[in-house]
Amino acid sequence: MQKNLPYLAVLIVLLYALYNANFKVEKTEKKHKNMNYVKHIQEHNVTHYSDELKKIETTEYLKEYIIEVINHGSVSLHFKPQEIMEGGFASKEDASKIACYVLTLSGKRCKESYPKDAAMFYSSICAGCHGEDGKGLHGTYPDLTKHKLLGIQKREAFLKKMLK
């Protein structure tokens, strides 16, 4: 019996580890659902995917997307690790100015005019990676002058998939 005691202890530890692993996986896989949104979808039998798809081509949508990335980074967009930009390089107030300036790089305009210092903010914060012209440096950083930015392309593909 004493010879089998270490084997029995190892077996108990392994069983305990398997038991905990199964329950921890279940807990982490459960996602929090906004019950008001779930109720809204059930009542109206509609999601807002189609509404967002209608707006995805607009300049205002692009501006809001750029502000979101400046403020929060691109981690949530599931880019490759080398493509991720950290958020918070500019203040929330300056993010709007920078977004309007970025729009001008691709020939678009903001509804409101942006201050002259927006170009300075872009040059000091963004141009090191995206270049003064916004086209990215040698393909290593995203081109901000594209018709559709990569994150918006991914979002559009997701929305279309969800509508099917």
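How each quantity is defined
- Residues numbered from 1 in each chain as written.
- Predicted model: local features only at pLDDT ≥ 70, side-chain atom pairs only at ≥ 80, totals over all residues.
- Heavy atoms only, no water.
- Helix = DSSP H or I, 4+ residues; strand = E, 2+ residues; numbered from the N terminus.
- Buried < 20%, exposed > 50% of the residue type's maximum accessible area, 1.4 Å probe, protein only.
- Areas by Shrake-Rupley, 256 points an atom, 1.4 Å probe, with all protein chains shown as cover.
- Salt bridge = Lys/Arg side-chain N within 4 Å of Asp/Glu carboxyl O.
- pLDDT = per-residue confidence, 0-100.
- Contact = heavy atoms within 4.5 Å.
- 1 Å grid on protein atoms, 1.4 Å probe; cavity = no way out; pocket = protein on both sides within 12 Å on 5 of 7 lines; lining within 4 Å.
- Points joined across faces, edges and corners; volume = space filled by probe spheres on them.
- Nonpolar A, V, L, I, M, F, W, Y, C, P; charged D, E, K, R; others polar.
- Core = buried A, V, L, I, M, F, W, Y, C linked by side-chain atoms within 4.5 Å.
- Disulfide = S-S within 2.5 Å.

(A) Just the overall build of the chain, in detail. Summing up its helical and strand segments, the chain has 8 helices and 0 strands in all. Along the chain, helices (α) and strands (β) appear in the sequence α-α-α-α-α-α-α-α when read from the amino end. Here the chain holds 164 residues, and the buried ones make up 26% of them. In the form shown here, the chain has an accessible surface area of approximately 12,200 Å², with 60% of it arising from carbon and sulfur atoms.

(B) Examining the pattern of salt bridges more closely. The tally for this structure, following the rule as stated, stands at 7 salt bridges. Residue Glu57 pairs with Lys148 through a salt bridge whose shortest N-O separation is 2.8 Å. Of this pair, Glu57 sits in the loop between α3 (49-55) and α4 (59-72) while Lys148 sits in the loop between α7 (127-130) and α8 (150-163), placing them 91 residues apart in sequence. Residue Glu57 is classed as partly exposed on the basis of its relative accessible area, which comes to 45%. The partner of Lys97 in a salt bridge is Asp117, with the nearest N and O atoms 3.8 Å apart. Of this pair, Lys97 sits in helix α5 (residues 92-105) while Asp117 sits in helix α6 (residues 117-125), and the two are 20 residues apart along the sequence. You can call Lys97 partly exposed: its relative accessible area is 22%.

(C) How the structure looks around the confidence of the model for the chain. Mean pLDDT over the chain: 81, with 85% of residues reaching 70 or higher. Predicted confidence is poor over residues 25-30, with pLDDT under 50, and the contacts of this stretch with residues over four places away or in other chains come to 0 contacts.

(D) Main features of the layout of surface pockets. Counted as a void, the largest pocket has a volume near 530 Å³. The wall of the largest pocket is formed by 28 residues, among which Val69, Met85, His130, Pro142 and Leu144 lie closest to the centre. Elements that contribute at least two residues to the lining of the largest pocket include exactly α4, α5, α6, α7 and α8. Here the residues of the lining of the largest pocket are counted per class, giving 20 nonpolar, 5 polar and 3 charged. Here the second largest pocket is characterised by a volume of approximately 280 Å³. At the level of secondary structure, the elements contributing two or more residues to the lining of the second largest pocket comprise α4 and α8. The residue makeup of the lining of the second largest pocket, split by class, is 6 nonpolar, 4 polar and 5 charged.

(E) Geometry of the nonpolar core. Within the largest apolar cluster, 29 residues are counted, with the highest numbers of intra-cluster contacts made by Tyr65, Ile66, Ile98 and Tyr122. Mapped onto this core, the elements with two or more residues apiece are α3, α4, α5, α6 and α8. Contacts of Tyr65, omitting those with residues within four sequence positions, involve Leu77, Phe79, Leu149, Gly151 and Ile152.

(F) Geometry of the state of the cysteines. Applying the stated criterion across every chain yields a total of 1 disulfide. Through a disulfide, Cys100 is tied to Cys110; the S-S separation comes to 2.0 Å. Between Cys100 and Cys110, the S-S dihedral sits near -105°, and the bridge is therefore left-handed. One end of the pair, Cys100, is in helix α5; the other, Cys110, is in the loop between α5 and α6, with 10 residues separating them in the sequence. Judged by its relative accessible area of 2%, Cys100 is buried. In this structure Cys110 comes out as buried when scored by relative accessible area, which is 15%. Here Cys126 stays unpaired: no disulfide links it, and the sulfur of Cys129, its closest cysteine neighbor, is 8.7 Å away.

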